[in-house]
Structure formats: C-alpha cells, structure tokens
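Each chain, written out:
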Amino acid sequence: MAKVYPQHLPTTSSSSNNSNSINSKETYTIWTKSLICHGNGCTVFDSRGQVVYRVDNYGIKKSRQVYLMDLHGNVLFSLLKSCTKKLYIGNGNGCWNGYKGSPNDDQDTLRTRKKEIIPWFQTRKNSSKKSSLRNCHVIMGCDYESKESSYRIEETSGAGKAAFVIRDSHGDLVAQVKQKESSCGGVLLGEDVLSLVVEPHEDHSLVMAIVIVYGLMTNIIM
C-alpha cells in the first residue's frame with residue numbers, strides 16, 4: 001500500500017517551524033479525512049509523514065465554523081462562514097472570514113462576537129458570471145470595500161479534480177495544490193489525497209488556512 005505522505009526531502013525545514021515562513025519549499029500531503037472516527041475534516045502531513053495540521057468537525061458536515069489546529073489541538077485559525085450580505089460577493093458559498101487563534105476562554109462563539117473582532121483575512125468568490133472556474137480572492141486585514149486582492153486562488157486543470165494555485169498580489173506563485181501522485185509511476189491517488197507545495201518565505205499556517213477555506217467553499221473538504 002502506497003504511503004499518502006511525501007518522501008523525506010533533505011532540503012525541507014523541521015515541522016516545528018510549520019507556522020512560520022521558511023527558506024525552502026515545503027511539501028505537505030492533505031488527506032481530506034479526519035483522524036476522528038466517523039468525523040469530518042482533514043489531516044495534513046509534512047514531508048516526514050508527521051501530522052502537523054488538522055481540522056476535526058466530528059459528526060458535522062459542511063460546518064459554518066471550523067478550526068485549523070496543530071497536532072496538539074492548539075487553534076491556529078478560526079474560520080467562519082459569513083452571512084452578512086454586504087460582505088457577500090458571487091454565488092454558492094460566497095464568503096469566509098479567518099480569525100487568528102481561537103475564541104475567548106468564556107466559550108462565546110465567533111458568530112456572536114464577530115462584530116467585536118476584525119478578521120485576519122476574508123476569502124470571497126469572484127463575482128464574474130462569465131467564468132466557470134472556481135476562482136477566489138483573499139483580502140488581508142479585511143478592508144471590505146477594497147477591490148485589490150492580497151492573494152488570488154485560481155483553479156487549474158489537468159491535475160485531478162481538486163487542483164488550484166495561490167498567487168500573491170504581484171501574480172507570483174505562493175502555493176500549489178493538486179491530486180497526489182504515487183512515488184512510482186505517477187499514478188494519481190484517491191481524490192481525497194492532495195499534495196500541497198508551499199513556496200519559500202511564506203507563512204505556512206496562513207497558507208493552510210486559505211487552502212482549508214477554499215476546500216470548504218468548493219466542497220473539497222466536508
């Protein structure tokens with residue numbers, strides 16, 4: 001049985017730096033399944049096969065509030081589907097807000113407190129009705145009136161059904177996601193096993209949060 005995670009690459013950095021930018025490319029494997037039995041979410045392995053990120057929605061499918069965590073359950077980003085019409089652009093799943101960390105210890109939900117917190121980023125579907133591609137843009141700092149994207153998410157073809165790239169405002173590649181291939185023969189693994197390559201000097205936890213949101217918006221992740 002083929003391993004779902006990448007082979008060790010000697011040029012990659014230690015997984016202890018996964019939440020920070022590093023000086024070389026890093027390859028992750030995204031398994032769009034939760035490690036929790038009968039749960040929903042996804043599990044992310046680094047190039048050494050170690051779990052570095054996870055999303056566990058337990059028995060809830062298509063949750064409107066999702067937490068990106070590290071291996072130990074520390075919340076890195078809280079991801080909330082927005083219902084505010086004035087923030088809604090495009091069709092379908094529309095708009096998601098990303099908040100750094102978790103809600104307060106009083107266990108108030110982000111939904112009841114969202115007016116008090118400025119999102120770290122917001123991901124919106126493109127408003128163009130002419131294109132059939134599932135493209136999105138990401139606004140950092142959430143200047144909701146801004147028409148300038150901090151990042152663009154572009155669907156690509158020829159690399160499985162779940163294939164897309166993330167580019168910065170200059171059009172430079174930040175990360176690429178595609179269906180994972182086996183190490184021998186280049187055979188595509190299942191549609192629930194993806195490969196993520198993050199370019200050097202990028203914030204890996206932010207990239208992962210954007211990838212998770214796009215997966216939720218396009219039903220790649222349940």
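Values in this document were obtained by computation on a predicted structure and should not be read as measured data.

A. The pattern of salt bridges, seen in detail. Under the counting rule described, the total for this entry stands at four salt bridges. One salt bridge connects Lys-25 with Glu-199, and the closest N-O pair in it is separated by 3.7 Å. Here Glu-199 lies in the loop between β12 (193-198) and α2 (204-217) and Lys-25 lies in the segment before β1 (26-31), a separation of 174 residues in the sequence. Judged by relative accessible area, Lys-25 falls into the partly exposed class, the value being 45%. Residue Glu-199 is classed as buried on the basis of its relative accessible area of 16%. Among the salt bridges present, the one from Arg-167 reaches Glu-154, with a minimum N-O distance of 3.2 Å. Of this pair, Arg-167 sits in strand β10 (residues 164-168) while Glu-154 is found in strand β9 (residues 151-155), placing the two residues 13 residues apart along the sequence.

B. The arrangement of the side chain of His-137 in detail. Among the secondary structure elements, His-137 is positioned in strand β8 (residues 136-140). Residue classification places His-137 among the buried positions, given a relative accessible area of 13%. Apart from the residues lying within four places of it in its own chain, the contact partners of His-137 are Gln-122, Thr-123, Arg-124, Lys-125, Asn-126, Ser-149, Tyr-151 and Arg-152.

C. Seen up close, the nonpolar core. The biggest cluster of nonpolar side chains holds 40 residues, and the ones touching the most others in it are Leu-79, Phe-121, Ile-166, Leu-196, Met-208 and Ile-212. Counting residues per element, this core draws most heavily on α2, at 11 residues. Excluding residues within four positions of it along the chain, Met-208 makes contact with Tyr-28, Ile-30, Val-44, Tyr-53, Leu-68 and Leu-196.

D. Quick peek at the packing of aromatic side chains. On inspection of all chains with the given rule, the structure shows three aromatic pairs. One cation-aromatic arrangement involves Lys-100 over Trp-120; the distance from NZ or CZ to the ring centre is 4.4 Å.

E. Local environment of α2. Helix length check: α2, at 14 residues, gives a terminal C-alpha distance of 20 Å against a target of 20 Å (1.5 Å per residue), a fit within 8%. Counting buried residues along α2, 14 of its 14 residues qualify, which places the element largely inside the surrounding structure. Just past α2, the residue Asn-219 takes up positive phi, approximately 65°.

F. Quick look at the environment of Gln-179. On the secondary structure map, Gln-179 appears in strand β11 (residues 173-179). Note on Gln-179: relative accessible area 9%, which makes it buried. Linking Gln-179 and Ala-162, residues 17 residues apart in sequence, is a C-alpha distance of 6.2 Å.

Conventions we followed
- Residue numbers here run from 1 along each chain, matching the order of that chain's written sequence.
- It should be noted that, the model being predicted, local features are given only for residues of pLDDT at least 70 and side-chain atom pairs only at 80 or more, the latter also being counted only at that level, while totals for whole chains, interfaces and linings use all residues.
- The side-chain figures draw on all heavy atoms in the structure; neither hydrogens nor water molecules are used.
- We count a salt bridge whenever a side-chain nitrogen from Lys or Arg sits within 4 Å of a carboxyl oxygen from Asp or Glu.
- Numbering goes from the N terminus for both helices and strands, where a helix is a DSSP run of H or I of at least four residues and a strand is a run of E of at least two.
- Per-residue accessibility, obtained with a 1.4 Å probe over protein chains only, is compared with the maximum for each type, and a residue is labelled buried under 20%, exposed over 50%, and partly exposed between these values.
- In this analysis, two residues are considered to be in contact whenever any of their non-hydrogen atoms come within 4.5 Å of each other.
- To form a nonpolar core, buried Ala, Val, Leu, Ile, Met, Phe, Trp, Tyr and Cys residues must be joined to one another through side-chain atoms within 4.5 Å.
- Within 6.5 Å between ring centres, the rings of Phe, Tyr and Trp (the latter by its six-membered ring) count as paired, and their orientation is classed by plane angle as stacked under 30 degrees, edge-to-face over 60, tilted in between.
- Two conditions define a charge sitting above a ring: the NZ of Lys or the CZ of Arg must be within 6 Å of the ring centre, and it must be within 35 degrees of the ring normal.
- Expected helix span is given by 1.5 Å per residue-to-residue step, counting one fewer step than there are residues.

In short, shape yes, function no, at least from these values alone.
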